[in-house]
Amino acid sequence: MMINRLKEAAEYQKKAIRALFPERVLKHIDVIGNEIKLMVAECMETEEKKPEKKAKTGKIEIS
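Notes on the structure follow.

1. Observations concerning the overall build of the protein chain
Consideration 1: The helix and strand tally for the protein chain stands at two helices and zero strands.
Consideration 2: Expressed as a percentage of its 63 residues, the buried residues of the protein chain come to 2%.
Consideration 3: Carbon and sulfur atoms make up 60% of the accessible area of the protein chain, which amounts to about 7000 Å² in all.

Have a look at this one:
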């Protein structure tokens, strides 16, 4: 029950912040918000969840 109230409060905060800016910059705010979400998600990844780095292949010459 409390989590739903927190989510609702977050939505009101989002609306209040968007109301401070002119309409022409709202798309920029959306993009910035999405980037922040991705950065947080990336920071929360553990070492086990990170994809393995692929070995680089070099050029091989056959004579």
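Here the narrative resumes, following the displayed structure.
2. Some points on the environment of Gly-33
Consideration 1: Mapped onto the elements, Gly-33 comes out in helix α2 (residues 26-44).
Consideration 2: The exposure class assigned to Gly-33 is partly exposed, which follows from its relative accessible area of 26%.
Consideration 3: With 19 residues separating them along the chain, Gly-33 and Lys-14 place their C-alpha atoms 10.0 Å apart.

3. Regarding the pattern of salt bridges
Consideration 1: Inspection of the entire model under this criterion finds one salt bridge.
Consideration 2: When the shortest N-O distance is used, the salt bridge between Asp-30 and Arg-18 registers 2.5 Å. Taken together, the positions of Asp-30 in helix α2 and Arg-18 in helix α1 (residues 2-19) put the pair twelve residues apart, joining distant regions of the chain.
Consideration 3: What makes Asp-30 partly exposed here is its relative accessible area of 33%.
Consideration 4: Arg-18 gets classed as partly exposed once you look at its relative accessible area, which sits at 23%.

4. Describing a nonpolar patch on the surface
Consideration 1: Taken together, the side chains of Ile-32, Ile-36, Met-39, Val-40 and Met-44 present a nonpolar region at the surface, about 510 Å² in accessible area.
Consideration 2: Counting through the fold element by element, Met-44 comes out in helix α2.

Thresholds applied
- Counting restarts for each chain: residues are numbered from 1 in the order of the written sequence.
- Reporting of local features is limited, given that this is a predicted model, to residues whose pLDDT is at least 70; pairs of side-chain atoms are given and counted only at 80 or more, and all residues count toward the totals for whole chains, interfaces and linings.
- Computation of side-chain values covers all heavy atoms of the structure but excludes hydrogens and water.
- Helical segments are the DSSP runs of H or I of at least four residues, strand segments are the runs of E of at least two, and each set is numbered from the N terminus.
- The rule is simple: take the accessible area with a 1.4 Å probe, protein chains only, and divide by the maximum for that residue type; under 20% is buried, over 50% is exposed, in between is partly exposed.
- Computed by Shrake-Rupley with a 1.4 Å probe, the accessible areas treat only the displayed protein chains as cover when residues are assessed.
- Think of a salt bridge as a Lys or Arg side-chain nitrogen and an Asp or Glu carboxyl oxygen that are within 4 Å of each other.
- Patch construction takes residues with relative accessible area above 30% that form no salt bridge. Like charges are linked within 9 Å, and nonpolar side chains (Val, Leu, Ile, Met, Phe, Trp, Tyr) are linked within 5 Å.

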